[in-house]
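Structural overview for review
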Amino acid sequence: MMRHTLAGAAAGAAGTTALNAVTYLDMVLRGRGGSSAPEQLVDEASDLTHVPVPGQGETRQNRVSGLGAVLGMVTGVGVGALYGAARALPWRPAVPVAGLLTGVAAMAGSDVPMATLKVSDPRTWRAADWLADLVPHLTYGMVTAAVYEMTTPPARA
């Protein structure tokens, strides 16, 4: 089980890299700015938990920005680890199905905390907003599933 979980975490790191690449390419193609949602999530979580982000002014803002990025990586690696753990069980859907489900799980892992902390309200998103969120997460899921399958031996019957 541990080997599967670690392989899933590594696959999740690859998926996170792919998600970031697709997101940055979208920013280049559409000329849009980056999202401030990760930083807002850090601020809201800090307020909720009464654990302050140290520093003031630009120093604090840099830490909040870094924490937002790290939370995204933790989500990606964590969902990948869960994927690997699930693959250690009898769960064996085809890679495209597994990738789709994993992408949706990663999307929920980032969007649910933001909705819960009222950083963003997906009910108000336009189609373009959903697409900008969905495409990178589906890419994440497909890359995570494919990398896991390419780097682990086939299951024994």
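See the structure above.
All of these numbers come straight from a predicted model, not from anything done at the bench.

**As for helix H3 (residues 57-87)**
The first and last C-alpha atoms of H3 sit 45 Å apart over 31 residues, in line with the 45 Å expected at 1.5 Å per residue. Along H3, the residues that are buried comprise Val64, Gly68, Gly76, Val79, Gly80, Ala81, Tyr83, Gly84, Ala85, Ala86 and Arg87. Those residues of H3 hidden inside the fold are in contact with helix H1 (2-30), helix H2 (37-49), helix H4 (95-116) and helix H5 (127-151).

**Quick look at the packing of H3 against H4**
Where H3 contacts H4, the two axes come as close as 10 Å, and the packing angle between them is 140°. Taken together, the axis directions place H3 and H4 in an arrangement best described as oblique. Crossing of H3 over H4 shows right-handed handedness. Two secondary-structure elements touch here, H3 through Thr75, Val79, Tyr83 and Arg87 and H4 through Ala98, Thr102, Ala105, Ala106, Gly109 and Ser110. When the residues that make up the contact of H3 with H4 are grouped by side-chain class, the tally is five nonpolar, four polar and one charged.

**Re the packing of H3 against H5**
For any two helices packed against each other, the geometry is given by the interaxial angle and the distance between the axes. Remark: H3 packs on H5, axes separated minimally by 11 Å, with the N-to-C direction vectors making an angle of 50°. Considered as vectors, H3 and H5 are oriented oblique to each other. Remark: the crossing between H3 and H5 carries right-handed chirality. Packed against H3, whose contacting residues are Gly76, Val79, Gly80, Tyr83, Gly84 and Arg87, the element H5 presents Tyr140, Thr144, Ala145, Tyr148 and Glu149 at the interface. Residues of the contact of H3 with H5, tallied by class, amount to five nonpolar, four polar and two charged.

**Some thoughts on H5**
Its 25 residues give H5 an end-to-end C-alpha distance of 36 Å, which sits within 8% of 36 Å, the value for a rise of 1.5 Å per residue. Among the residues of H5, Asp133, Pro136, His137, Tyr140, Gly141, Thr144, Ala145 and Tyr148 are the ones counted as buried.

**So, unusual backbone geometry**
The backbone phi angle of His50 is positive, close to 60°, even though this residue is not glycine. Looking at the element boundaries, His50 is found in the loop between H2 and H3. Positive phi values are uncommon outside glycine, yet Lys118 reaches one of about 60°. Tracing the chain through its elements places Lys118 in the loop between H4 and H5.

**Observations regarding the side chain of Ser120**
Within the secondary structure layout, Ser120 lies in the loop between H4 and H5. A distance of 2.9 Å separates polar atoms of two side chains, one belonging to Ser120 and the other to Trp125. Setting aside chain neighbours within four positions, we find Ser120 in contact with Met114, Ala115 and Trp125.

**Side note on a nonpolar patch on the surface**
Together, Met1, Leu89, Trp91, Val97 and Leu101 make up a nonpolar patch on the protein surface, roughly 460 Å² of accessible area in all. Structurally, Met1 is set in the segment before H1.

**Some details on the packing of aromatic side chains**
Summed over all chains, the structure comprises two aromatic pairs. When the ring of Tyr83 is compared with that of Tyr148, the centres are 5.4 Å apart and the planes differ by 85°; the resulting orientation is edge-to-face. Note that Tyr83 is positioned in helix H3 and Tyr148 in helix H5, a separation of 65 residues in sequence.

Calculation notes
- Residues numbered from 1 in each chain as written.
- Predicted model: local features only at pLDDT ≥ 70, side-chain atom pairs only at ≥ 80, totals over all residues.
- Heavy atoms only, no water.
- Helix = DSSP H or I, 4+ residues; strand = E, 2+ residues; numbered from the N terminus.
- Expected span 1.5 Å × (residues − 1).
- Buried < 20%, exposed > 50% of the residue type's maximum accessible area, 1.4 Å probe, protein only.
- Contact = heavy atoms within 4.5 Å.
- Axes fitted to C-alpha atoms, helices over the stretch in contact; angles between N-to-C directions.
- Parallel < 35°, antiparallel > 145°, perpendicular 65-115°, else oblique.
- Left-handed = near helix turned anticlockwise from the far one by under 90°.
- Nonpolar A, V, L, I, M, F, W, Y, C, P; charged D, E, K, R; others polar.
- Polar contact = N/O pair within 3.5 Å; in protein donor to acceptor, adjacent residues only side chain to side chain.
- Patch = residues over 30% accessible without salt bridge, like charges linked within 9 Å, V, L, I, M, F, W, Y side chains within 5 Å.
- Areas by Shrake-Rupley, 256 points an atom, 1.4 Å probe, with all protein chains shown as cover.
- Salt bridge = Lys/Arg side-chain N within 4 Å of Asp/Glu carboxyl O.
- Phe/Tyr/Trp six-rings, centres within 6.5 Å; stacked < 30°, edge-to-face > 60°.

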